[in-house]
Amino acid sequence: MPRPLLDAAQVALLGRRLRVLLGGVRGNDLLSISLDLGRGKEDWLGVGDGAWPGVDLTRRGCHWCAAPCTSGDREYRLAIGHAIDFRSAGKARFSALQAALAGLRAVWRHDDPQSTGRSPLAHFGFAFAGESADGWPNARLVVPAILLQSAGERCTATFSCVAAAGETALAGWLDELRVRAPQSSRTPVRPPPQTAGSLAEQAFMARVAAALRAIRAGRLDKIVLARSRRCTAEFAIDVAPLLATLRDRHPGCTVYGIAGAGESFVGATPERLLALRRGTVQVDALAGTAWHAGGGGAAPPSLHDAKNRSEQQLVVDAVRAALSPFCTSLAAPQAAEVLHSGDLEHLLTTVRGCLRPGVAFFELLAALHPTPAVGGWPVAAASRWLQAHDEQRGAWYSGGIGWLDRDGDGDSVVALRCARISGRQAELFAGAGIVAGSDPAQELAETEVKLAVIADALRHASCRRRPVAGQAASA
């Protein structure tokens, strides 16, 4: 049986540190306390032989992430509940998030009695377009009530609350940790029968043909088209085994799971959108796609053909142009490398720069998103074309997900290779970039290979079970 997250001594220490912090604070101060949980590697999913039980990743306020580290290992984060929950939408959504973060930084107090060295974090996510109405917040910034982290063979927990709620915070944290993970069951996932020339496929290829006409007319250089597919399981889909499967099958990707209103949004993305550390910025220019023969129902393209090379260079040029006004210098352009992601291969160039003083994370994000890798080029013309052709992108697909610390440094990835999970239902998302010379049948095949990332993980995850549905903690 997995052990409780906190023992009696740790609960007592947490209570003492909270009482000390509450002395002399203002009601709107944000308080965070970090505790060392000891040595170990923990993914917090409760799948297999985890030291601690997993939590219900379909409930409100959970955000799980497994990100590759420079050491070659993984860093795991699990956010539970909300101390702060800020939402925005529209053209000014990123500036609104930046203003919210600036306000938090001014009143954010952190107590680290055991010198864990772990900063409290906020997580955020946003949809592709500035307006969306499918039940998910368009743009959101959350300071979790509880943040569990595992990296470098060390596990920590950070507990946060607004000072005005400090008197009841400890009881609330412990209640959050007592929530039971759902009972696991085998959940065979059955995608709907797919036949060559189905209406969905015909509709996608018709949109590709329309995009190619716009490109030939000189109105666009590139447009990214999305499609989705629904699958049904026999029982409610347990998200934790799905995330564990994605992590094991895609070691170079950032794997994520976010709980919404009765839904979960999960995926494994190979693409970093933005990393900011002490004035140094990095952005992935990722474009061009090839896959192993036999996948997708059409002959795969060469990753180094003219179409893929020009598509990737367009993204590199756009990223450098977006960053240039904010940087004192940009590193010299580098040759593209091949990024392997399961059955897929992409061309990748990392763009690096030194920022001018005072440039903020969300300011950069507003300048970068959407890159031509997920939207098109020119950006404004591509956005108008997608809106006119009723482009639908559910949840946060092709938007972004990330983390920020109190200093304003952080990371964001593009929400790709993903699905929205609701009970027995899974809606899978994928897209393809259309440029001059694109072949509609090949673009359809590309989306099939991308959809298979989640579809295959769903099938494999059905054989993976949590050993027991235990209580997450008893304090």
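Residues numbered from 1 in each chain as written. Predicted model: local features only at pLDDT ≥ 70, side-chain atom pairs only at ≥ 80, totals over all residues. Heavy atoms only, no water.

It is worth spelling out empty space enclosed by the protein at this point. For the coordinates displayed, the defined rule picks out six cavities of 30 Å³ or more. Computed from the structure, the largest cavity encloses a volume of approximately 280 Å³. Around the largest cavity, the lining is made up of 26 residues, and of these Ala 373, Leu 416, Arg 417, Gly 431 and Lys 450 lie nearest the centre. Broken down by secondary-structure element, the contributors of at least two residues to the lining of the largest cavity are strand E11 (222-233), strand E15 (280-291), helix H6 (306-323), strand E23 (425-435) and helix H9 (440-461). With five residues, the top contributor of residues to the lining of the largest cavity is E23. Its residues assigned to classes, the lining of the largest cavity shows eleven nonpolar, seven polar and eight charged. (1 Å grid on protein atoms, 1.4 Å probe; cavity = no way out; pocket = protein on both sides within 12 Å on 5 of 7 lines; lining within 4 Å. Points joined across faces, edges and corners; volume = space filled by probe spheres on them. Helix = DSSP H or I, 4+ residues; strand = E, 2+ residues; numbered from the N terminus. Nonpolar A, V, L, I, M, F, W, Y, C, P; charged D, E, K, R; others polar.)

In a regular helix each residue adds 1.5 Å, so 22 residues correspond to 32 Å; H9 covers 32 Å between its end C-alpha atoms and thus fits that length. At Ala 452, H9 is deflected by roughly 35 degrees, the largest bend along its length. (Expected span 1.5 Å × (residues − 1). Bend = angle between axes of the 7 residues up to and from the residue.)

Here we take up the nonpolar core. Leu 141, Phe 265 and Phe 362 are the most contacted members of the largest nonpolar core, which totals 72 residues. The greatest single-element share of this core, amounting to seven residues, is contributed by helix H4 (residues 199-216). Filtering out sequence-adjacent residues up to four positions away, Phe 265 remains in contact with Trp 136, Tyr 256, Gly 257, Ile 258, Ala 395, Trp 396, Tyr 397, Ile 401, Ala 415, Cys 418, Ala 419 and Phe 429. Among the nonpolar cores identified, the runner-up in size contains 64 residues, and Ala 66, Ile 146, Ala 268 and Ala 455 belong to it. (Core = buried A, V, L, I, M, F, W, Y, C linked by side-chain atoms within 4.5 Å. Buried < 20%, exposed > 50% of the residue type's maximum accessible area, 1.4 Å probe, protein only. Contact = heavy atoms within 4.5 Å.)

Let us look at the pattern of salt bridges. Oppositely charged side chains are able to pair whenever their charged atoms sit close together. Tallying each qualifying case throughout the model produces 26 salt bridges. As a salt-bridge pair, Arg 207 and Glu 391 come within 2.2 Å of each other at their nearest N and O atoms. Of this pair, Arg 207 sits in helix H4 while Glu 391 sits in the loop between helix H8 (379-388) and strand E20 (400-405), placing them 184 residues apart in sequence. In this structure, the salt-bridge partner of Arg 229 is Glu 448, at a minimum N-O distance of 2.5 Å. Placement of the pair is Arg 229 in strand E11 and Glu 448 in helix H9, with a sequence separation of 219 residues. (Salt bridge = Lys/Arg side-chain N within 4 Å of Asp/Glu carboxyl O.)

Turning next to the packing of H4 against H9. At a minimum axis distance of 9 Å, the contact between H4 and H9 shows a crossing angle of 125 degrees. When the interaxial angle is binned, H4 and H9 end up oblique. Remark: the crossing between H4 and H9 carries right-handed chirality. Between H4 and H9, the contacting residues are Glu 201, Phe 204, Met 205, Val 208 and Leu 212 on the first element and Pro 440, Ala 441, Glu 443, Leu 444, Thr 447 and Glu 448 on the second. When the residues that make up the contact of H4 with H9 are grouped by side-chain class, the tally is seven nonpolar, one polar and three charged. (Axes fitted to C-alpha atoms, helices over the stretch in contact; angles between N-to-C directions. Parallel < 35°, antiparallel > 145°, perpendicular 65-115°, else oblique. Left-handed = near helix turned anticlockwise from the far one by under 90°.)

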